[in-house]
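Examining the three-dimensional arrangement
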Amino acid sequence: MEELRKRILEEGHALNKDVLKVDSFLNHKVDTKLMYEIGTYFKRYFENKGITKIFTIESSGIAPAAMTALQMNIPMVILKKQPSKVLNLDVCQTTVHSFTKNSDYELTLSKKYISEADKILLIDDFLANGEAALGVERLVEGIGAKLEGIGIVIEKSFQPGRKILEEKGYDIYSLARISKLDKDVIEFVD
Ligand code: G4P
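Before going into details, it helps to say that this report is about the structure given with it. (Residues numbered from 1 in each chain as written. Predicted model: local features only at pLDDT ≥ 70, side-chain atom pairs only at ≥ 80, totals over all residues. Heavy atoms only, no water.)

1. Structural notes on the pattern of salt bridges
To be explicit about the condition: Just to be clear on terms, a salt bridge is a Lys or Arg side-chain nitrogen sitting within 4 Å of an Asp or Glu carboxyl oxygen. The rule is simple: take the accessible area with a 1.4 Å probe, protein chains only, and divide by the maximum for that residue type; under 20% is buried, over 50% is exposed, in between is partly exposed. By the criteria applied, helices consist of DSSP H or I runs no shorter than four residues and strands consist of E runs no shorter than two, each listed in order from the N terminus.
Under the criterion given, the structure shown has 15 salt bridges. Here K21 ties to D23 by a salt bridge, and the two come within 3.5 Å at their closest N and O atoms. For K21, a relative accessible area of 35% gives the class partly exposed. K49 serves as the salt-bridge partner of D171, at 3.5 Å between the closest nitrogen and oxygen. Here D171 is found in the loop between α6 (161-167) and β9 (172-182), whereas its partner K49 is found in the loop between α3 (32-46) and β3 (53-57), with 122 residues between them in sequence. Accessibility expressed as a relative area gives 28% for K49, which makes it partly exposed. Connected through shared salt-bridge partners, E155, R162, E166 and R177 make up one network.

Below, the structure written as structure tokens:
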């Protein structure tokens, strides 16, 4: 997505070889027009795949996921990050490790908002190691539903997430794919 690449180059800031700051339009201040455009791209790619619900993970996935759900006219569900397991039979949980933040959380979903018949599209802001997506897979498959596709705003292609998820057969559509980051260096996959 050309406009997204442009914004990443103009406003993004590579902190180091691993982390890109995009606080001015995605992670802190949110450009809702850009998010709407992003939703248009995801809709175009996923609209004929029988998706019934969009899942995202709090918090930065919410804006692009909401715009996609609005345009696809299907519900959006926000998976919560709880600090610890809860004793509640109405929710399912799985532990996710974030390498970027070096911490664990309990990815949490109410069973009320998913059924066996659902075909889920996961939309998230970043793909790094794929741990969050693998957590969503565990929850969705635990219910007997299907993770049908994964839409990512910014993929860090030099990290292993895409490869791990592709090997599992997932259809991953990323709007910007970054091949290299370094202090003041941002390069894209061709
Ligand atoms: P993974 O799911 O692909 O394994 O990613 P990882 O756990 O490593 O990433 C954890 C968090 O860090 C996620 O945010 C993710 O969006 C964010 N993140 C990963 N790489 C980058 C990066 O280069 N730049 C920025 N700005 N964020 C990155 P989160 O914990 O879900 O928090 P939130 O921002 O959505 O609230």
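Let's pick the thread back up.
2. Some remarks on helix α5 (residues 131-143)
Just so we agree on the cut-off: An expected span of 1.5 Å times one less than the residue number is assigned to each helix.
The terminal C-alpha atoms of α5, which comprises 13 residues, lie 19 Å apart, in line with the 18 Å expected from a rise of 1.5 Å per residue. Taken residue by residue, α5 has A132, A133, L134, G135, V136, E137, L139 and V140 as its buried positions. Immediately downstream of α5, the backbone of G144 shows phi near 100°, a positive value.

3. What about the sheet that holds strand β10 (residues 185-188)?
Worth spelling out the cut-off: Here, any two strands with at least 2 DSSP bridges between them count as paired. Here, axes are lines fitted to C-alpha atoms. For helices the fit covers the stretch in contact, and angles between N-to-C directions go from 0 to 180 degrees. Contacts are residue-level and defined by heavy atoms, with any inter-residue pair within 4.5 Å sufficient.
Reading across from one edge, β5-β6-β4-β3-β7-β8-β9-β10 is the order of the eight strands in this open sheet, with mixed pairing throughout. Of all the strands in the sheet, just β5 (91-98) and β10 have a single pairing partner and so form its edges. Across the sheet, the mean angle separating the axes of adjacent strands is 30° when strand polarity is ignored. Pairing between β5 and strand β6 (residues 103-110): eight bridges, direction antiparallel. Residue C92 lies in a different strand from β6, and its bridge partner there is L109. In this fold helix α1 (residues 2-11) packs onto β8 (146-156), β9 and β10, with an angle of close to 165° to the strand it touches most, β10. Along the sheet face, α5 touches β3, β4 (76-82), β5, β6, β7 (119-127) and β8 and points at about 160° away from the line of β5.

4. Considerations on the site of the ligand
Threshold: One heavy atom within 4 Å of a molecule or strand is enough for the residue carrying it to be called near that molecule or strand. Pairs of N or O atoms within 3.5 Å make up the polar contacts considered here, provided that, within protein, one atom can donate a hydrogen while the other can accept it, and that residues adjacent in sequence are counted only when both atoms are side-chain atoms. Areas reported as accessible are Shrake-Rupley estimates using a 1.4 Å probe. Residue values count occlusion only from the protein chains shown. Ten residue types, Ala, Val, Leu, Ile, Met, Phe, Trp, Tyr, Cys and Pro, are classed as nonpolar, four, Asp, Glu, Lys and Arg, as charged, and the remainder, Gly among them, as polar.
The environment of the ligand is made up of 21 residues, and the closest members are L20, S59, K81, T100 and K156. Between a nitrogen atom of the ligand and a side-chain N or O atom of N27, the distance comes to 3.1 Å. Contacts to the ligand include K156, whose side-chain N or O atom sits 2.7 Å from a nitrogen atom. For the ligand, the accessible surface in isolation is 710 Å², of which the surrounding protein chains cover 88%. For the shell around the ligand, the secondary-structure elements that each account for two or more residues are β7 and α5. Tallying contributions element by element places β7 first for the shell around the ligand, with three residues. Its residues assigned to classes, the shell around the ligand shows seven nonpolar, seven polar and seven charged.

That is the geometry; function is a separate question.
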